Amino acid sequence: MLRKPVARIDVSALKHNLARVREVASGCKVLAVLKANAYGHGMLNVAEQLQQADAFGVARLDEALALRAGGIVKPIVLLEGFFDADELPQIVASNLQVVVHQQEQIDAILAAELDAPIRVWLKMDTGMHRLGLPPEHYQAAHQLLSQSPNCSPGIRLMSHFACADDLACPDTTEQLQRFHHWTQGLSGEVSLANSAAVLGWPHSHGDWVRPGLMLYGVSPLLGKQGAEHDLQPVMTLCSRVIAVRDVAAGETVGYGSAWQAQQATRLAVVAIGYGDGYPRNVPNGTPVLMQGRRFPVVGRVSMDMLTVDIGDVMIRPGEQVVLWGQGLPVEEIAALVGTIPYELLCNITPRVDFSYMGGN
Ligand SMILES: *Cc1c(COP(=O)(O)O)cnc(C)c1O
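Residues numbered from 1 in each chain as written. Predicted model: local features only at pLDDT ≥ 70, side-chain atom pairs only at ≥ 80, totals over all residues. Heavy atoms only, no water.

### As for the layout of surface pockets
Part 1 of the argument: By volume, the largest pocket is sized at about 860 Å³.
Part 2 of the argument: Contributing to the lining of the largest pocket are 38 residues, with Tyr39, His160, Asn194, Ile340 and Tyr342 lying nearest its centre.
Part 3 of the argument: Listed by contribution, the elements that provide at least two residues to the lining of the largest pocket are helix 2 (35-40), helix 9 (195-200), helix 10 (330-337) and helix 11 (341-346).
Part 4 of the argument: For the lining of the largest pocket, the element with the most residues is helix 10, which contributes four residues.
Part 5 of the argument: For the lining of the largest pocket, a count of residues per class yields 21 nonpolar, eight polar and nine charged. (1 Å grid on protein atoms, 1.4 Å probe; cavity = no way out; pocket = protein on both sides within 12 Å on 5 of 7 lines; lining within 4 Å. Points joined across faces, edges and corners; volume = space filled by probe spheres on them. Helix = DSSP H or I, 4+ residues; strand = E, 2+ residues; numbered from the N terminus. Nonpolar A, V, L, I, M, F, W, Y, C, P; charged D, E, K, R; others polar.)

### Here we look at unusual backbone geometry
Part 1 of the argument: Positive phi is not limited to glycine here, since His129 has a value of about 55 degrees.
Part 2 of the argument: Relative to the assigned elements, His129 resides in the loop between strand 6 (120-123) and helix 7 (135-146).
Part 3 of the argument: You can call His129 exposed: its relative accessible area is 64%.
Part 4 of the argument: With a phi angle near 50 degrees, Gln291 is a residue other than glycine that sits in the positive phi range.
Part 5 of the argument: Tracing the sequence through the fold places Gln291 in the loop between strand 14 (287-290) and strand 15 (293-298).
Part 6 of the argument: On the basis of relative accessible area, Gln291 is assigned to the partly exposed category, the value being 44%. (Buried < 20%, exposed > 50% of the residue type's maximum accessible area, 1.4 Å probe, protein only.)

### Some remarks on the UniProt feature "modified residue: N6-(pyridoxal phosphate)lysine" (unreviewed entry) in the chain
Part 1 of the argument: Within this numbering scheme, the UniProt entry marks Lys35 as carrying the feature "modified residue: N6-(pyridoxal phosphate)lysine" (unreviewed entry).
Part 2 of the argument: Mapped onto the secondary structure, Lys35 falls in helix 2.
Part 3 of the argument: Aside from chain neighbours lying at most four places away, what touches Lys35 is Gly57, Val58, Ala59 and Glu63. (UniProt positions renumbered as here; feature names shortened; annotations may be inferred. Contact = heavy atoms within 4.5 Å.)

### Things to note about empty space enclosed by the protein
Part 1 of the argument: Evaluated as defined, the whole model comprises one cavity of 30 Å³ or more.
Part 2 of the argument: If you go around the largest cavity, the residues you meet are Lys123, Met124, Asp125, Thr126, Gly127, Met128, Leu131, Ser159, His160 and Gln175.
Part 3 of the argument: Considered class by class, the residues forming the lining of the largest cavity number three nonpolar, five polar and two charged.

### Some points on the environment of Tyr39
Part 1 of the argument: Inspection of the secondary structure puts Tyr39 in helix 2.
Part 2 of the argument: Setting aside anything within four residues of it in sequence, one finds Tyr39 in contact with Val33, Gly212, Leu213, Tyr216, Tyr342, Leu345 and Cys346.

### Structural notes on the state of the cysteines
Part 1 of the argument: Counting across every chain of the model gives zero disulfides.
Part 2 of the argument: Of all cysteine sulfurs in the structure, the one in Cys163 sits closest to Cys169, which takes part in no disulfide; the separation is 4.0 Å. (Disulfide = S-S within 2.5 Å.)

Shown next as structure tokens:
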């Protein structure tokens, strides 16, 4: 029994969550987003298990090439497109699809000499103001590209929401209206919805939905948890107790002596820390699970360890500890440290072992 952190990946939960996407966005095609190592879950393993997806989305060329090198043959979309014309031959050779979001990319595609046409997802900036063509340039860009032999027929029409996680925010409706206004008369399959829009904005579903976070069983909506959408957590981050010890009233624990025992206290030392991706800034009282019960973290999280007040419960070295996942939603830990679950999942470091369970 290794006393080190393990991210247990529940493959049946992953498949369940994809099935939930299909239920909620019925009739839509699904582009499953696998960027950032599949939100920390292991990109290639996740891709292999998501055979039911219609396509995969990644942020960068090297991610797409890693999927191809791993034997993934499904369509792959580069969500930020390409950055330099010299990437185009490799994109064609690896049969990748590209998001086109700025004029330089259009110029490069029109000027290129390619062995085969590329499938383009033409992105409009409807209000996020990060990537995307200005709405008033969109029709002209669409026309130029659709006349180019370097573009596969059937340019896809896409945009991205800034605030879909907030169901009370009017921006999403405005973005949607702007998109429909400026794509009037254009043919092509439409893709707008990230996880939050899949769950919260059914009018936005279009032809292709692009879920990331919800595939991993986590709610993208503010103040919600995956279970409320019938999603199941895919990652359960675990470790083990490596020592149990007593401190007397008045003694302090850990770096900076930041926590002081008010009374005689029994502590478990757990083999996980910020060097594994567990956030250093969890407040005192942040829960961990042992034997299905919650115990509070006390004192500072160090690189390889953290300390937990175990009260009078019989906990011994070797006991399994859950930091988040089944029984302890990562949404809750993220809220306690003032971040979003995306960041906690992505931050898992390579020294954490991965264990994939529940596959076929
Ligand atoms: C990351 C990303 C998504 C997925 O977002 P989630 O909030 O994780 O569902 C969808 N579309 C684009 C363009 C993205 O970059």
